[in-house]
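Listed here are the chains, written in short residue letters.
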Amino acid sequence: MEKVCLFKSCSPEETRTLARNLARCFQPGDVVLLEGDLGAGKTTFAQGVAIGLGIEEPVDSPTFTLIKEYHGGRLPLYHMDVYRIQSPEEELGWDEYFYGEGVTLVEWASRISPWLPEKLIQVELSHGENCRQIRIEPPLEAMERICGGLNPR
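All values derive from a computational prediction rather than experimental measurement.

A word on the sheet that holds strand β5 (residues 103-107). Spatial ordering of the open sheet is given by β1-β7-β6-β2-β5-β4-β3, a layout of seven strands whose pairing is mixed. At either margin of the open sheet sits one strand with a lone partner, and together these are β1 (5-9) and β3 (67-70). Across the sheet, the mean angle separating the axes of adjacent strands is 20 degrees when strand polarity is ignored. Pairing geometry for strand β4 (residues 77-81) and β5, over five bridges, is parallel. Counted as the bridge partner of Met 80 is Val 106 from β5.

Set out below in structure tokens:
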């Protein structure tokens, strides 16, 4: 079985729709790494995840706050942007998020790699000519749960 799912998105709405559908498969404790250059669509993807979880409040980038928490949906959503972390040793209660009852989205995750759990869902967004490519790599045992209901193109 292929370990990666590839998708093409030609609009912010397509990105949100893919993320919304993906979020319906998430379970408590899922940790999603969002990788991509500035403007690749990470915040748009996070907005779709929030919609898929049933969260109604607006979602924006947590760049200056590090962590934003969203409640009121099927599962809590913890959206992290750890780009500004000076040292991963900064105690921000990683375990409470990574092993808690919600879904955690982490942007710039390589900055805190020693604190990340072993099982991760990696999502990479990259620019194309007119569209973006979205690459999803879940743990092998979660492949069917994560990618099974999505339609790659």
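What follows is about the state of the cysteines. For the structure on display, the rule yields one disulfide. Here Cys 10 is linked by a disulfide to Cys 131, with a sulfur-sulfur distance of 1.9 Å. Between Cys 10 and Cys 131 the sulfur-sulfur dihedral comes to about 95 degrees; the bridge is accordingly right-handed. On the criterion of sequence distance, the pair formed by Cys 10 in the loop between β1 and α1 (12-23) and Cys 131 in the loop between β6 (121-127) and β7 (132-137) is long-range, its members being 121 residues apart. Judged by relative accessible area, which is 36%, Cys 10 ranks as partly exposed. Classification of Cys 131 by relative accessible area gives buried; the value is 18%.

The rules behind the values
Residues numbered from 1 in each chain as written. Predicted model: local features only at pLDDT ≥ 70, side-chain atom pairs only at ≥ 80, totals over all residues. Heavy atoms only, no water. Pairing = 2+ DSSP bridges. Helix = DSSP H or I, 4+ residues; strand = E, 2+ residues; numbered from the N terminus. Axes fitted to C-alpha atoms, helices over the stretch in contact; angles between N-to-C directions. Disulfide = S-S within 2.5 Å. Buried < 20%, exposed > 50% of the residue type's maximum accessible area, 1.4 Å probe, protein only.

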